[in-house]
Each structure stands twice: as C-alpha cells, then as structure tokens.
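Working through the structure, step by step
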Amino acid sequence: MTDLSGKTALVTGSVQGIGLAIAEALAEAGARIAVHGLAGDAQIEEVCHHLRDKGSPHAEFFDGDLRNADRIDELMKAVAAWGGADILVNNAGIQHTAPLSDMPREKWDAILAINLSAAFQTMQAALPGMAARGYGRVVNIASVHGLVASKDKAAYV
C-alpha cells in the first residue's frame, strides 16, 4: 500500500467488521484515523489503541448519527477541525429484512439515510477541503445487492 503518512482517513462504521479492517489497512500505511461508529467507551478506547498499534500516528473517535443530517454536519466539522479528511471511506450501512408491505417506515428511512444520504453529505462536506489541499480520495462501499437483488431487502437494494 502507498505511504499515507501525513494523511487523515475518516472511515464511517470503523469500530468493527469491514470498516475496522479498512481502518487497519490505512493505519498500517501510516494514516491518522478518524474512527466512527456505534460503540461504547470501552470499545472506542480499544479500537483507537488497536489502530495506533497497527501504525496510525493518531486515532481518535468522532461521533455522528448518520441518520441525522445535523449530526453528520457536526461530525464533518469536527473532522475538519482535526485537520480534515484526505481519505473518506463511506462504509457504514444497515439493513432490515421484511416484505415491503411490512417494512416499518422508520426502518426504511434509516436505511436510506445511513446507506445513501450520509454518503452524499459526507462527500459534500469533505470534497472542498480535499480540493483545497490538492489531495483527496473517496471510497463508497456498496453491497453485491446493488447488482443482484435479495428477497425482502427493498430498501437495502
């Protein structure tokens, strides 16, 4: 992997799973990691320490409920104040399996907010800083379900 020393990466949903694996790879390349996700204090501390052990010079947790546009704005302002994201990985995602006729509206809205609208909002906030610094990378993670549908996953697909 490229040397990412001096670069900052924001990885949404990076306290576990695929997001954590991505954050680990970026840490191994020397990037500072803006950690994000749903976690308690102990897990946050453990993940940040783990990423520093993997090679990140600094790993810090940034809170932000991706279902809420105002919270996304706060998240992105906090990351900008930390130096700004040179690398943005929109990884966070949720799903709920139910027939469309039984899909709770709040679940539908949450899936679209986190899986789709949050990516738009984080990119919109991050791209001007990337352009001003002359460097930026955005990776939007999607599921194979974007190509091949699954039964009872209309909002996710």
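Note that this is a predicted model, so its numbers are computed, not measured.

Thoughts on the overall build of the protein
- Broken down by element type, the protein carries four helices and five strands.
- Counting from the amino terminus, the protein carries its helices and strands in the arrangement β-α-β-α-β-α-β-α-β.
- Relative to its length of 157 residues, the protein is compact, with a C-alpha radius of gyration of 16 Å against a globular reference of 15 Å.
- In the protein, which comprises 157 residues, the proportion classed as buried is 38%.
- Contacts in the protein between residues far apart in sequence, at least 24 positions, make up 68% of those at least 6 positions apart.
- Counting only carbon and sulfur atoms, one obtains 54% of the accessible surface of the protein, whose full area is about 8,500 Å².

Remarks on the packing of aromatic side chains
- Under the definition given, this model contains one aromatic pair.
- One residue, Lys-7, lies across the ring of Tyr-135, its end atom 4.1 Å from the ring centre.
- Above the face of the Trp-82 ring, Arg-32 is positioned so that its terminal group lies 3.7 Å from the ring centre.

Conventions we followed
Residues numbered from 1 in each chain as written. Predicted model: local features only at pLDDT ≥ 70, side-chain atom pairs only at ≥ 80, totals over all residues. Heavy atoms only, no water. Helix = DSSP H or I, 4+ residues; strand = E, 2+ residues; numbered from the N terminus. Rg over C-alpha atoms; globule rule 2.2 N^0.38 Å. Buried < 20%, exposed > 50% of the residue type's maximum accessible area, 1.4 Å probe, protein only. Contact = heavy atoms within 4.5 Å. Areas by Shrake-Rupley, 256 points an atom, 1.4 Å probe, with all protein chains shown as cover. Phe/Tyr/Trp six-rings, centres within 6.5 Å; stacked < 30°, edge-to-face > 60°. Lys NZ or Arg CZ within 6 Å of the ring centre and 35° of its normal.

Just geometry here; none of it tells us what the structure is for.
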